Amino acid sequence: MLSVIKRDWMLIRQKYLFLMPVLSMSLILLFPKGDEGYFIIGVPVVFIFSVFIFIQDDNSLRQLLSMPISRAGIARARFLSGWVFMSAGLVYIVVLGFGLGLVYPSALTAFIRHLDLLTLFTYLWVLSAMAFIAYPVLFLFIGKGVQALVAFTLGMNVLLGVYFLMRFNAAGPDIFEILKSLIMSLQKYHSSPLNYVASALTLLIVNSINMKLCEWIFTRKEF
Amino acid sequence: MNALQINALTKSFSKFSLENINLELPQGYIMGLVGKNGAGKTTLFKTIMNHLLKDHGDIQIYGYDHQKDEVQAKSRIAYLSDDPIGIGEMSLKTHKDAFAVGYPTWDEAKFQVLLNRFKLNQKAKVKTLSKGMKVKFGISLALSHNAQLILLDEPTAGLDPVARNEVMGLLQEELQDESKSILFSTHVTSDLEGIADYLTIIDQGHIIMSETGETINDNWRILKLEDLPAGISSLDVVKGIKPTSFGYSLLTSDFGKLQERLPADTTSETPNYADIMIHMVKGE
């Protein structure tokens, strides 16, 4: 499994680790008055965008399938590799953002300054939700056409762009307010270390289920 | 022990299927798999590699089931697909590094020897390679992890005669190691003359013959006949009949059995692989 993860990084992911910050920075620079919404929504979308680019390479997948690695092993390794990729991207963007002196959204600043566990869990939940949607969709689409993936990815990014435009023209719904409400309610809920542990365990279970789902789909795919 | 054993394999698509494929490739031998484009060669390779999932049947690599013991089976295989190299932006070195990671038996010294022999520059990007160079690079990768079973799906397709000669020469050298076995598909039968121990023909998803070169040399004959003796075309040993300008050309798998039914002045010759394919494979 480690060899698959290493191969993932050598072939593709290390390249997109440079693309991600560029896209994220572009979002922030385009909308300098933004708040935590940029981070909560924008960054995962950019991550997923990069994951999509990776998944489109069917030839690389066929080569992986020719190597002495089980199909289930490949699915697990790629899922874990995706998580490592997203986490590494997160840290990278934070470091780069501060290094460039960009004003970061309040949620991120709070997280950095206070190591706010609630914010961390919120990000992890958002990433988990994205992974939960993205990976099975990606595995289902493998071999059925790059165009579908490209269309999906572009659609996601167009929606994001439209949303931001509406938001800053004060015409659109304020999803950020909804997210803030969610965070506030989580704040009430997360009142004890026990709740954090419970949240961490739930995250683990959700992602384990997601990984199993990916395995199940991937072992039934044809290339 | 058989390097590859396939029993009653079926794989169906909406417009094509592999039907009841049975094959045995003993260790240390090379088998040529020939057939027209679309006959099922690539489908068979992909099914052996578990890229396509079989419907029924059994595939074993050195005794390991290709699905249940996937890791053990694939660790013994080197597979060169019909589209060997994918990511064009990548350098050969990056490609090699990513490939070698998966094989504990990777032999870097051998890989470097092959690169030098084929005059391939490691810093070059895959997209700058010609078709022939891509095949040479693919073969260099495939042969550098000391696999016991080498699966080559049309490695010489689209190569010029010089490149083809280089590739075939390398394969012949590889066969000096008698522990290795090769399954080699092509629709150019001349590639196989002199190197294949077995000739297997696939047509419309069916294996229509699989024989040793020795059996073909000893028993198979092409006969030139002015007229067809009555009832001869329905005999099992008659594998194909083609009309010609002088009458008929008949392919038989057992000249001895057929001899007494033929005129005394019938001329016969040992068929080459192209003759066999032309007589046995159905036209469009």
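Just so it is clear, the model here is predicted, and its values are computed rather than measured. (Residues numbered from 1 in each chain as written. Chains lettered and ligands numbered in written order. Predicted model: local features only at pLDDT ≥ 70, side-chain atom pairs only at ≥ 80, totals over all residues. Heavy atoms only, no water.)

Caption draft 1: Focus on the overall build of chain B. Across its full length, chain B carries 9 helices and 14 strands. The globule rule puts the C-alpha radius of gyration for 284 residues at 19 Å, and the 21 Å found for chain B is close to it. The principal-axis extent of the C-alpha atoms belonging to chain B is close to 65 × 40 × 35 Å. The proportion of buried residues among the 284 residues of chain B is 52%. By sequence separation, contacts in chain B at least 24 residues apart represent 70% of the contacts at least 6 residues apart. Carbon and sulfur atoms provide 46% of the accessible area of chain B, an area that totals close to 12500 Å². Both charge centroids of chain B, one from 29 positive and one from 37 negative side chains, sit 8 Å from each other. (Helix = DSSP H or I, 4+ residues; strand = E, 2+ residues; numbered from the N terminus. Rg over C-alpha atoms; globule rule 2.2 N^0.38 Å. Buried < 20%, exposed > 50% of the residue type's maximum accessible area, 1.4 Å probe, protein only. Contact = heavy atoms within 4.5 Å. Areas by Shrake-Rupley, 256 points an atom, 1.4 Å probe, with all protein chains shown as cover. Lys, Arg positive; Asp, Glu negative; His and termini not counted. Charge placed at Lys NZ, Arg CZ, Asp CG, Glu CD.)

Caption draft 2: Quick look at the pairing of strand β13 (residues 248-252) of chain B. Residues and elements named next belong to chain B. Counting buried residues along β13, 4 of its 5 residues qualify, which places the element largely inside the surrounding structure. Summarising the sheet, strand β11 (residues 221-225) and β13 pair through 5 bridges and their orientation is antiparallel. By the bridge assignment for β13, leucine 223 is matched with leucine 250. Note: strand β12 (residues 238-243) against β13, 5 bridges, orientation antiparallel. Opposite glycine 240, over in β13, you have leucine 251 as the bridge partner. (Pairing = 2+ DSSP bridges.)

Caption draft 3: The arrangement of the sheet that holds β11(B) in detail. Residues and elements named next belong to chain B. If you trace the 4 strands from one edge of the open sheet to the other, you get β12-β13-β11-β14, paired in antiparallel fashion. Only two strands of the sheet have a single neighbouring strand rather than two, namely β12 and β14 (267-269). Each strand axis lies, on average, 20° off the axis of its neighbour in the sheet, ignoring direction. Along the sheet, helix α9 (residues 273-280) makes contact with β11, β12 and β13, crossing β12 at roughly 85°. (Axes fitted to C-alpha atoms, helices over the stretch in contact; angles between N-to-C directions.)

Caption draft 4: Expanded view of the nonpolar core. Residues and elements named next belong to chain B. Judged by nonpolar contacts, the single largest core of 61 residues is most densely connected at Phe137, Ile182, Leu199, Ile201, Met209 and Ile276. No other element matches the 6 residues that helix α5 (residues 131-143) contributes to this core. The residues touching isoleucine 276, leaving out its near neighbours within four places in the chain, are Leu199, Ile201, Met209, Ile216, Trp220, Leu251 and Pro271. In terms of nonpolar packing, the next biggest core, distinct from the first, is built from 26 residues, Met49, Ile61, Leu151 and Ile202 among them. (Core = buried A, V, L, I, M, F, W, Y, C linked by side-chain atoms within 4.5 Å.)

Caption draft 5: View of helix α6 (residues 161-174) of chain B. Residue and element names in this part refer to chain B. Helix length check: α6 (14 residues) gives 20 Å between terminal C-alpha atoms against 20 Å at 1.5 Å per residue, within 8%. Its buried side turned inward, α6 meets α4 (108-117), α5, β7 (149-153) and β8 (181-186). One side-chain oxygen of the residue at the start of α6 lies 3.0 Å from the amide nitrogen of valine 162, identifying that residue as aspartate 160. (Expected span 1.5 Å × (residues − 1). Polar contact = N/O pair within 3.5 Å; in protein donor to acceptor, adjacent residues only side chain to side chain.)

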